[in-house]
Amino acid sequence: MNLASLPVSHNLLPLFVAIPLGSAFLVSLLGKRVKGFSDTFSNVATFSLLSISLLSILLVKHSGTVVYKVGGWIPPIGICMVLDGLTSFMLVTINLIAFLVTIYSISYMERYTAKWKFYTLFLLMLAGMNGVIVTGDMFNLFVFLEIASISSYALVAFGVEREELEASFKYMVMGIMASLFILLGIAFLYSLTSTLNMADISRTLAKIGDNQTVFFVAALFLMGFGLKAALVPFHSWLPDAHPSAPAPISAMLSGVLIKALGVYALARIFLNVLGMTAVSSSILMVLGAISMVLGGLLALGQEDIKRLFAYSSISQIGYVVFAIGMGTPLGILAGLFHLFNHAIFKSLLFLNSGSIEYATGTRDLRKMGGLTSKMPVTGYSSLVGSMSISGIPPLSGFWSKLLIILAAIEAKHFIFASIAVLVSILTLAYYLKVQKLAFFGELKDSLKGIKEVPLTMKLSMIALSIICIFGGLLLIPGVQKNFLNLATEVLVNGTNYAQIIFGSIK
Amino acid sequence: MNKKIKQPGMTLIVKTITRLTVGLILLYGIYIVTHGHISPGGGFAGGVIIALSFIHLMLAFGKDLALRKLSEKLAAFFESFGAIMFLTIGLLGFIGGYFFFNFIFKGKPFNLFSAGIIPLCNIAICFKVGAGLFAVFVALILLKVPIKKE
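Heads up: these notes are all about the structure in this document. (Residues numbered from 1 in each chain as written. Chains lettered and ligands numbered in written order. Predicted model: local features only at pLDDT ≥ 70, side-chain atom pairs only at ≥ 80, totals over all residues. Heavy atoms only, no water.)

All names here are of chain A. The alternating pattern of strand 1 (residues 66-69) places Val66 and Tyr68 and Val67 and Lys69 on opposite faces, both of which are buried. Sheet topology note: the strand 1/strand 2 (residues 80-83) ladder contains 4 bridges and is antiparallel. Its bridge partner being in strand 2, Tyr68 is matched across the sheet by Met81. (Buried < 20%, exposed > 50% of the residue type's maximum accessible area, 1.4 Å probe, protein only. Helix = DSSP H or I, 4+ residues; strand = E, 2+ residues; numbered from the N terminus. Pairing = 2+ DSSP bridges.)

The next point concerns the interface of chain B and chain A. Taken together, the 15 residues of chain B in the interface contact 16 residues of chain A. Here chain B packs against chain A, burying approximately 1,400 Å² in sum over the two surfaces, 70% of which is carbon and sulfur. Inspection of the region where chain B meets chain A yields 0 salt bridges. Our enumeration of links across chain B and chain A arrives at 3 residue pairs in polar contact (both at pLDDT 80 or more). With 7 residues, helix 5 (residues 72-92) of chain B is the largest single contributor of residues to the side of chain B that touches chain A. Across the side of chain B that touches chain A, the residue classes tally to 11 nonpolar, 2 polar and 2 charged. (Contact = heavy atoms within 4.5 Å. Buried area = accessible area lost by both parts, 1.4 Å probe. Salt bridge = Lys/Arg side-chain N within 4 Å of Asp/Glu carboxyl O. Polar contact = N/O pair within 3.5 Å; in protein donor to acceptor, adjacent residues only side chain to side chain. Nonpolar A, V, L, I, M, F, W, Y, C, P; charged D, E, K, R; others polar.)

Right, let's talk about helix 11 (residues 278-300) of chain A for a bit. Residue and element names in this part refer to chain A. For helix 11, with 23 residues, the first-to-last C-alpha span of 33 Å sits near the 33 Å given by 1.5 Å per residue. For helix 11, the set of buried residues is Ser280, Ser281, Leu284, Met285, Leu287, Gly288, Ala289, Ser291, Met292, Gly295, Gly296 and Ala299. Against helix 8 (212-229), helix 10 (247-273), helix 12 (305-326) and helix 17 (414-439) lie the buried residues of helix 11. (Expected span 1.5 Å × (residues − 1).)

This next bit is on the environment of Asp84(A). All names here are of chain A. Tracing the sequence through the fold places Asp84 in the loop between strand 2 and helix 3 (85-108). In this structure Asp84 comes out as buried when scored by relative accessible area, which is 4%. A C-alpha to C-alpha distance of 4.6 Å links Asp84 and Thr65, two positions 19 residues apart in sequence. Residues within four places of Asp84 in sequence aside, it is in contact with Val60, Thr65, Arg268, Val490 and Tyr497. Looking at Asp84, its side chain comes within polar contact range of the side chain of Arg268, at 3.2 Å.

Shown next, in the form of structure tokens:
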């Protein structure tokens, strides 16, 4: 069946925002009244999102870049939505994790009251993230970014305990600072180019040539999106916010939110809109390398399992930003591949930590021990996740880290390459610590009575660990051509983005 | 003194003035919403004014009377309803081929019944914003802080 010939096919794009938004409000309307509605309906919504995001890969393959005119208005007058390789890559990543996380939440969120509120906020956050990815308009990007951020502030505070509220407040202050920087950057860009369409901004900037304002805007965006991505000088909110949220939300925040709002937006704007310069490239690389090292070092000393994972996220995001910052085709490919892999294994690890908390009621590594004997699924899936993130072959993390190091060597950044290798060893060290303290060794007396977690939680952990094991298959030429390479191409094309967008408006 | 405790809200002067003005404020809000497409204002501004008329009641007469007129459950319902109505209008645009396509007969410019889906969108936004703002105010008033024993 030729998908691109179907008349509905390009109408898929607004559904990425409409489905989660509509289901969020339906759940808030009916979730309290109809029993079981919120569970079923949210899972159906995220499953349909996953299916249409997989369809979008086929669509990109058949018809190339698709520009969707919202309301029938031609860009740059109206708002447009763009579907290209990078968009469909990010959509698959986000909606895959979202689907598995909602399955996990069915049992996990029973611990909290008002499950429907959780699903409402969750779906709103998903709508925001999908919106950031599909939009082709700068201000629209900001609006969706705020939707996702504001619902994530509320989700971090979902347990309404003292610590959670404090973390949420800190996160909110930092997040609002980031949003203000981004808004200010957009305002400057608008005053310079008189347009908000990303492709049109790119085209106008090429006409204007060198301009001091662009540097200032780039600095503002680096601060704003850097805060959202938790790069090292801007990272201090993450180790508080991510562990405080309920485990499925930690998985979403660390797994995809910092990537959708931070790394994706950073890459899209720096490579496609503003255009990558030698200065911005080296700034991204240095920030990435600092994040790698500091995140890793700080993770080493943590005793709280979720806090350790949160610091590890900073370190791994460092890898991704460093690789994309190199700007070479291999570097971008490696960065995007690591982004995908990190989304998978970090969500897996956070779900594992949630299972541990579910069964034992503690997050303190010193109070655990020998959990594998009682909780085999959690134990072995976390082993897979830990080994994958530390880069043990043949798991997926190995291939992406190898590619990053190869790309650094290819671009003659030998010092950075050696840093990447060293941090990889550091990663192995702190994940071995987790494994040793939590899953191996003797079972503590206080933990004799624990049980394995319910079926739905096991299912999503198993699914994620299977993807971890076979993630390396994405590099098989036939598969790579249709998924990773299409995404890489978009970023490699750089500011030709404008021509591609205006060329594909029908 | 006893009389004061029995009757919640502010003094007689405030109550009398409120009784006179609150209907006008509500009407003005509705005017702003329905004329959103031909004059300054619209769903957001009108929604805020409508919410203010209820908040005005609450300030003058106490929370019980205002919540009898518009309970927090009803506010929560209207909030979600407004959002769904807005989204439905957007999705109905698929009839014309695009998301948020203005598919209704557009009429003569500057007439009250013109501009296709825009007045409908304004009404949906008015529900969402009005009920949302009122719900935020109610949430702040009804907020109960559970006291924890350490």
